[in-house]
Each structure stands twice: as C-alpha cells, then as structure tokens.
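Observations on the three-dimensional arrangement
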Protein chains: 2
Amino acid sequence: MLVARTKKELLDALTPLRTQGRSIGLVPTMGALHSGHASLVAKAREENEVVVTSIFVNPLQFEALGDCDDYRNYPRQLDADVALLEAEGVDVVFAPDVEEMYGPTGLPMLWVRTGEMGERLEGASRPGHFDGVATVVAKLFNLVRPDRAYFGQKDAQQVAVIRRLVGDLDFPLEICAVPIIRAADGLAESSRNQRLSDADRDAALVLSRVLFDLEERASTGQPLDIEGAWAQLRSAEGVRLDHLELVDAATLEPLTVTGALDRPALVVAAIHVGQVRLIDNIELLPR
Amino acid sequence: MLVARTKKELLDALTPLRTQGRSIGLVPTMGALHSGHASLVAKAREENEVVVTSIFVNPLQFEALGDCDDYRNYPRQLDADVALLEAEGVDVVFAPDVEEMYGPTGLPMLWVRTGEMGERLEGASRPGHFDGVATVVAKLFNLVRPDRAYFGQKDAQQVAVIRRLVGDLDFPLEICAVPIIRAADGLAESSRNQRLSDADRDAALVLSRVLFDLEERASTGQPLDIEGAWAQLRSAEGVRLDHLELVDAATLEPLTVTGALDRPALVVAAIHVGQVRLIDNIELLPR
C-alpha cells in the first residue's frame, strides 16, 4: 500500500493504473477511522480494482465561527489509520497536508457553493460547512478521477449535497451511499465518539432510541410524533437538542405528515453532549 | 464531424477515443464564431488528436440585471458555426440546449463561485458573470475531460479565472491562452461586433488606438499615461468608457506604476458603443 503525501505522488501512482483501464473506487475520509469507514472501504474493495482512501482534515468545512476548536480537537491518528487501511486491502492512501491541498494561503479563491441545500439542517448550525465539503470533494474527484466514490449514509445531508455536486457539475462518476454502522448500544459510529466520557455516551443513546421509536411507529402505521420526539430529547439529561426534522429522503426538504407516510423520508437529527456535537438519522419507508 | 445535442451523445462519442488514449482538446464557445475562434480551433487541432468544440450560449453568465437583453440578443447561427468548424477539422461539436445542460429548472443548485477575482473589472459591471462562466466551464471539463482547453486572451479576466478554477479545484488539464485576433482596422474580433453599425464601428476604434498607444509608450520607456487614456476615451464621440485599468498580468490586481514597468502587466478596458459593450486588452512587458 502506498501512502502519498503529495498530489504528484498520487498522480504518479494512479496514471499507469488508469491507462490500464482499471476501475478506481475513492473513499474520502478525515481519518480517525472506525468500523463505519471500514464498511465504506470494504464496499469499495468489492466493487473496484483499485481502492484509494483519502485522509484529510479539511479546514474549509470547519470555517464557521466556533468551529475552530472542533477543527483543532478533531482526532488525528495517521499511523493507526494507515494500519487499518492496509488491513482492509486499500491500494493507495492520499494524506496531504493543508498547504499541499490549498497552497501557501491555505484557502482556495474559487469555492463550490451549495446554496440553499447547504444552508438548512446541519448547514444552519454550521454556515459554510457544506461549501467546504463540496469544494474539497470536487478537488478529490479531480485528483483521483474515480469511477465510484463512497460516502456514509450517517451524513445524510452530505450524501445529498455530493449527489447534487455530481449532477450539477457533471462529474463522471457514481456516488455510493453506505448504511450507518451502529455500536451494539445503538450509537451511530463517529470519530467524535472518542471524545465522549462514559456518562456522555450513556446520555447520547437517547438519540438513537428516539429514532428507532419513530421507525417503529412508521413501520406499524402509527402516526409519527415528531413533537413527542423533540420533547423526549429536550427533557433528556446531559443532552442539548440542536435539531430533529422529518425531510424528504431525496430532496431533504421539510416534510409535514398528518396521516401515514406517502414517500421515503428521513428523520435527521443533531444533539450536543458535553463538548461534542453528534448527528444521526434514520430512513422511514411508507408501508 | 459529429454534432452531439445531448450529454449522452457526447459521452458515447468520446468514451472509445479516451479508452484508446487519444489526446483531447476542448474549445468552449458561445457560437457566432469568427476568426478569433478559428485561431483557437486551429491551435487545438495542432496540439491534440481529437478536437471538441462546444457551442452553448450560457444563461448563467448573463444573469445580472440588465443582461437579459444581451442574452436574448446574443447572435445564434448554429448552421454557419457548424460549417466553419467542419472546415477547421473539428471532430465533435457539442451543442446542447439549456434544459440538457441544467435540467428542467434551467439552473444548478451548486455553483462555482469566483469570489473577489470575479467581482473586479468586468465582474464589477456584470455581477455573477464569472460565477456563470466558471460553473459552465467546470461542467464542460467534466463532460469532455480534455487534456487541453483553449481560451482567447481577449477575455483576459476569463483566462485568469479559468486558470484559477483549474488550480483551485485541481482539474487535470492544461489551459492554453491564444492571442487576440484583430481586424485590419485594429478592432479585436468579437461576436458582438456583428451588432455594430458602421458609425459605431468607427467610433469603437478609439479603444484599440488608445491601447496601442500605451503599448508604444511602454516599449519605448515613456511613462504610462493611464489618466490620459481615460481622458481620450471619455472625450471620444459615440463611446462611453466603462473601465480601463492597469493590472498585474498574473493576478489581475490593480497596479500603480510611477516609473518604468517592473513586471508583465495588462491594460484591460471596456467601452459601450451604441447598445453594445466591447472589451479589449493589451499586454505590456517591462523593457
């Protein structure tokens, strides 16, 4: 397995493979890899001849006020990540530093701007976040030129934004969304879980419980009780609700349902636990 | 020569050529082709095995208030353009309609935003213009995946913005800028020249005369007299000065020169003549 620290090393490794017509799968990550990432890599390994994983904590997507600490504190563990990726059969790891990605200023002049779609839900709490995501992902697509790129469904809005990036700018590749991986206690895997104390983690479980309860209601035809879910999260110990919303699964536009569901929907949610912000979501299908 | 009206027709034509490893040159145009475009195509023909020319009057780059008429009035002459491109030895013409490019809404949700660089000079008169240019060019790069793309130096700011697009988003291709083609009377070739009356055209010639004069001063080591150039354009009959500025040739940042030039510079200018807005520029080299 090659670990490329520069764009040139990456291109030198990929150009001959591309000339040979090998299919390439890309798994973009910010490192601090866990079983969720491993499931992305496994899927990419299954579907492509060459698997590239990028590890880059992208400052652009932390640009909003108050995100500085989150950027500084984001876990970095390149050696452990490289070992995990080697075990998963990855061919090339691309792990550039900020200057290699964005030049001496550390900032691009041109950005991909996500508009309305990036301003709602997660974007409402983190202005500019999805612009930073879309910009770095566009760069990675151009550097790696994959046939397929793999993203975790846990970041549901990110998946929707990236699908739109590919559609609106005609990137010639397929986006594959991979289901959420959960720990035995129900918590969705996240690099940020490392920063939870045991008590925080116990408190955080209310989120997946609330989502499972909504899923159960949808699958048994009971009316969805979004207000009830809010109330449960607002009254939970050690947790602060950021948002929980029912949205159209394809467009992420807010959905109001009076009777039974009439289309695939998502409940997307974010909470704060201690110093950590956690997100989760669940798909609800009409009966 | 194939004329592809859809993305699918374009991809079907290019995929086998790409698999064979043929080099591809792209010349993006808005049609109404003249000798300036022919020089771009000739250069692309010289340097690539396959030449693709796109013809698409991109509504996104006319989005600013007041640009609607310019968009509606922009000359459209597909048959004549196709004949010219066939004669120049082009392999594939890509001529989609607006819905094919942008879908049923006619607008992307994600845009490439050019920031400060797109807000100065031409961009000051045409807010959003360079965002529209960068967005459609990103799409064309992804659809055609050329090895080289050709742009006229006449649109000096466009060349600078596109170079930055390629650098900031890591598009894997080379940008080639081709010198301005001028008519015998000095007027820079432009599709908009078609809309000039004979009297307008005579009036418009003051612009290239003023630029040639500045070039002469720079080459003979006389002080540049930008204020004098402004005065000449402001007092010229039938002409309204939009802007004339001395800028750094690489960054397009404004330049103040007291003595002789110490680096490559551009004078970029725009005037209104009748209903038409014309641009021109000239490169000034230090002695």
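Residues numbered from 1 in each chain as written. Chains lettered and ligands numbered in written order. Predicted model: local features only at pLDDT ≥ 70, side-chain atom pairs only at ≥ 80, totals over all residues. Heavy atoms only, no water.

On to the overall build of chain A. In terms of regular secondary structure, chain A is built from 10 helices and 10 strands. Scaling as 2.2 N^0.38, a compact globule of 287 residues should have a C-alpha radius of gyration of about 19 Å, and chain A matches this with 19 Å. Its C-alpha atoms put chain A at 55 × 40 × 35 Å along the principal axes. Per-residue burial over chain A gives 55% buried out of 287 residues. Summing over all exposed atoms, chain A offers an accessible surface of approximately 12,400 Å²; the carbon and sulfur share of this is 50%. The averaged location of the 44 negative side-chain charges in chain A is 2 Å from the averaged location of its 29 positive side-chain charges. (Helix = DSSP H or I, 4+ residues; strand = E, 2+ residues; numbered from the N terminus. Rg over C-alpha atoms; globule rule 2.2 N^0.38 Å. Buried < 20%, exposed > 50% of the residue type's maximum accessible area, 1.4 Å probe, protein only. Areas by Shrake-Rupley, 256 points an atom, 1.4 Å probe, with all protein chains shown as cover. Lys, Arg positive; Asp, Glu negative; His and termini not counted. Charge placed at Lys NZ, Arg CZ, Asp CG, Glu CD.)

Residue and element names in this part refer to chain A. UniProt marks Gln61 and Gln158 with the feature "binding site: (R)-pantoate" (unreviewed entry), using the numbering shown here. Annotated residues spanning 98 residues; largest pairwise C-alpha distance 11.4 Å, indicating a single compact cluster. You can see Gln61 is positioned in the loop between strand 3 (50-55) and helix 3 (67-73). A polar side-chain atom of Gln61 sits 2.8 Å from a polar atom in the side chain of Asn58. As for its placement among the helices and strands, Gln158 is situated in helix 8 (residues 156-169). Not counting the four nearest positions on each side in its chain, Gln158 is found in contact with Phe130, Val133 and Phe151. (UniProt positions renumbered as here; feature names shortened; annotations may be inferred. Polar contact = N/O pair within 3.5 Å; in protein donor to acceptor, adjacent residues only side chain to side chain. Contact = heavy atoms within 4.5 Å.)

The subject of this paragraph is the sheet that holds strand 8 (residues 240-248) of chain B. All names here are of chain B. With antiparallel pairing, 3 strands are arranged side by side in an open sheet as 8-9-10. A strand with exactly one partner marks an edge of an open sheet, and here the two such strands are strand 8 and strand 10 (276-284). Mean inter-strand twist for the sheet, computed between neighbouring axes without regard to direction, equals 15°. Across 8 bridges, the pairing between strand 8 and strand 9 (residues 265-273) is antiparallel. Bridging across to strand 9, Leu244 finds its partner in Ala269. The sheet contacts of helix 9 (residues 198-219) involve strand 8, strand 9 and strand 10, and relative to strand 10 the element is tilted by about 15°. (Pairing = 2+ DSSP bridges. Axes fitted to C-alpha atoms, helices over the stretch in contact; angles between N-to-C directions.)

With that settled, the discussion passes to the sheet that holds strand 4 (residues 92-94) of chain A. Hydrogen bonds between backbone atoms are what pair the strands of a sheet, whose relative direction is either parallel or antiparallel. Residues and elements named next belong to chain A. A sheet is described by the order of its strands in space; here 6 strands give the open sequence 1-4-3-2-6-7, paired in parallel fashion. What marks the edges here is a single partner per strand, and that holds for strand 1 (2-4) and strand 7 (174-178). Looking at each pair of strands side by side, their axes are set apart by 25° on average, direction ignored. Pairing of strand 2 (residues 24-29) with strand 3 involves 6 bridges; the strand directions are parallel. For Leu26, the partnering residue across the bridge sits in strand 3 and is Val52. On the sheet, helix 2 (residues 35-47) packs against strand 2, strand 3, strand 6 (148-152) and strand 7 and is oriented at approximately 155° with respect to strand 6.

In this section: the relation of the copies chain A and chain B. Once chain A has been moved 0.0 Å along the axis and rotated by 180°, it coincides with chain B to within an RMSD of 0.0 Å. Taken together, the turn and the small shift mark the pair as related by a two-fold rotation axis. Taking C-alpha positions as the reference, the residue of chain A nearest the rotation axis is Val112 of chain A, at 2.2 Å. (Least-squares fit on C-alpha atoms with pLDDT ≥ 70 in both.)

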